[in-house]
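Each chain, letter by letter, is given below.
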Amino acid sequence: MVEIMPFGKHKGDSVEQILLKDYKYFTWVHPKVSSHYLRERFDFVEYVSNNFISKESCSLDNNPAKHISVYHGHDNYRGSSIGFLYCSNDCFNTDPKVLNLKAILEPLQFKTALSSTKFDTNQLVGTMSEYMGLKKGRKTKEYLEEFFNNIETYKHKEENKLIGRFF
Ligand SMILES: [Zn+2]
C-alpha cells in the first residue's frame, strides 16, 4: 500500500514522490514522522536511495560504479550529468573527460545530492534517479512504490537487519 504524507507542504504525496521532488524536505521531515507504517516507509526509501546498485557501470570499464563526479562551480553550485560514474579514484583521475574540471568524486548516494540550494539538490537527485533505473516522465504513486520495492541494494552486515524488517 502506498504511504501518503498526511501533513506538511507535501501533504497528499507519497513518500517516494517527496524523495524525488524535494529531497531537502524529505531529509528534514523524516525524523519528525512518528506514525509507524509511514516511518517504516521513510526508513526504507531512504535506505534504498543510499544503498542502491547503479544500473550504469563505471565510465571507463565494466566495474560497478559506486562514485559520482560532482562538479563544483561558483556560488556553491554543485551538479553532475549522465556519464560521470566511476568505480575508483584511479578511473576518475584517468578519464580525459574530467580533466580541468572542478570536479570531486563522491559516493553515489542521495545524501551526496544534498546541496546549498533545492535546485542543485534536485538536479543531482534527478541524475542519480536515472542511475537507479528510473525513466524520465510522470509516474503514478503505485509505479514508484513498486519501483523502489524492486531496486537492488548493497547488503551490508547491519543493514541486513533493516532488510529483514521490510521483506
Ligand atoms: Zn572503473
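These numbers were taken from a predicted model, which means no experiment stands behind them. (Residues numbered from 1 in each chain as written. Predicted model: local features only at pLDDT ≥ 70, side-chain atom pairs only at ≥ 80, totals over all residues. Heavy atoms only, no water.)

Engineer: Looking at this structure, how should I read the overall build of the protein chain?
Structural biologist: Helix and strand content of the protein chain: eight helices and four strands. The helix and strand sequence of the protein chain, counted from the amino end, reads α-α-α-β-β-β-α-β-α-α-α-α. In summary, the protein chain has a C-alpha radius of gyration of 16 Å against a globular reference of 15 Å for 167 residues, a match within 12%. Projected onto its principal axes, the C-alpha coordinates of the protein chain cover approximately 50 × 35 × 30 Å. In the protein chain, 64% of the contacts between residues at least 6 apart in sequence involve partners at least 24 apart. As presented, the protein chain carries roughly 9,300 Å² of accessible surface, and 53% of it is formed by carbon and sulfur atoms. Each charge class in the protein chain was averaged separately, 23 positive and 21 negative side chains, and the resulting centres sit 3 Å apart. (Helix = DSSP H or I, 4+ residues; strand = E, 2+ residues; numbered from the N terminus. Rg over C-alpha atoms; globule rule 2.2 N^0.38 Å. Contact = heavy atoms within 4.5 Å. Areas by Shrake-Rupley, 256 points an atom, 1.4 Å probe, with all protein chains shown as cover. Lys, Arg positive; Asp, Glu negative; His and termini not counted. Charge placed at Lys NZ, Arg CZ, Asp CG, Glu CD.)

Engineer: Just to check I follow, could you spell out the environment of Tyr77 for this structure?
Structural biologist: Relative to the helices and strands, Tyr77 is located in the loop between β1 (67-72) and β2 (78-79). Residues within four places of Tyr77 in sequence aside, it is in contact with Tyr71, His72, Asp120 and Gln123. One polar contact links Tyr77 to Gln123, side chain to side chain, over a distance of 3.2 Å. (Polar contact = N/O pair within 3.5 Å; in protein donor to acceptor, adjacent residues only side chain to side chain.)

Engineer: Got a minute to help me understand the coordination of the zinc ion in this structure?
Structural biologist: Each pair of donors in an ideal four-coordinate tetrahedral metal site encloses 109.5 degrees, whereas pairs in an ideal six-coordinate octahedral site enclose 90 or 180 degrees. The protein atoms that coordinate the zinc ion are Cys58 (SG), Asp61 (OD), Asp61 (OD), Cys87 (SG) and Cys91 (SG), at distances spanning 2.2 to 2.7 Å. Positions of the donor residues of the zinc ion, expressed as sequence spacing, correspond to C-x2-D-x25-C-x3-C. Here Asp61, found in the loop between α3 (36-51) and β1, pairs with Cys87, found in the loop between β3 (85-86) and α4 (89-94); they are 26 residues apart in sequence, far enough to count as distant. Here Asp61 falls in the partly exposed class, since its relative accessible area comes to 24%. (Donors = N, O, S within 2.8 Å, 3.2 Å for Na, K, Ca; no water. Buried < 20%, exposed > 50% of the residue type's maximum accessible area, 1.4 Å probe, protein only.)

Engineer: Please explain the confidence of the model for the protein chain as it appears in this structure.
Structural biologist: Parts of the prediction with low pLDDT should not have their coordinates interpreted in detail. On average, the protein chain scores 91 in pLDDT, and the residues at 70 or more come to 92%. Residue range residues 163-167 is modelled with pLDDT below 50. Its contacts to residues more than four positions away, or to other chains, number 10 contacts. (pLDDT = per-residue confidence, 0-100.)

Engineer: Can you help me understand the side chain of Ser14 in this one?
Structural biologist: Note on placement: Ser14 falls in the segment before α1 (15-21). If we ignore the near neighbours within four places in the chain, the residues touching Ser14 are Val2, Glu3, Ile4 and Lys141.

Engineer: Looking at this structure, how should I read the packing of aromatic side chains?
Structural biologist: Given two aromatic rings, one states the distance between the centres and the angle between the planes to describe the pair. Tallied over the entire structure, the rule returns nine aromatic pairs. A ring pair is formed by Tyr23 and Phe26, whose centres lie 6.0 Å apart and whose planes are at 25°; its orientation type is stacked. Here Phe26 and Tyr23 lie together in helix α2 (residues 23-29), a separation of three residues that amounts to about one turn. By relative accessible area, which is 1% here, Tyr23 ends up buried. Residue Phe26 is classed as buried on the basis of its relative accessible area, which comes to 0%. Arranged with centres 5.7 Å apart and planes meeting at 40°, the rings of Tyr25 and Trp28 form a pair that is tilted. Of the two residues, Tyr25 and Trp28 are both situated in helix α2; the distance of three residues between them amounts to about one turn of the helix. The class of Tyr25 is buried, set by a relative accessible area of 9%. Members of the aromatic cluster, connected to one another through ring pairs, are Tyr23, Phe26, Phe42, Phe52 and Phe110. The residue whose ring lies beneath Lys32 is Trp28, and the NZ or CZ to ring-centre distance is 4.0 Å. The ring of Tyr154 is capped by Lys66, whose NZ or CZ atom sits 4.6 Å from the centre of that ring. (Phe/Tyr/Trp six-rings, centres within 6.5 Å; stacked < 30°, edge-to-face > 60°. Lys NZ or Arg CZ within 6 Å of the ring centre and 35° of its normal.)

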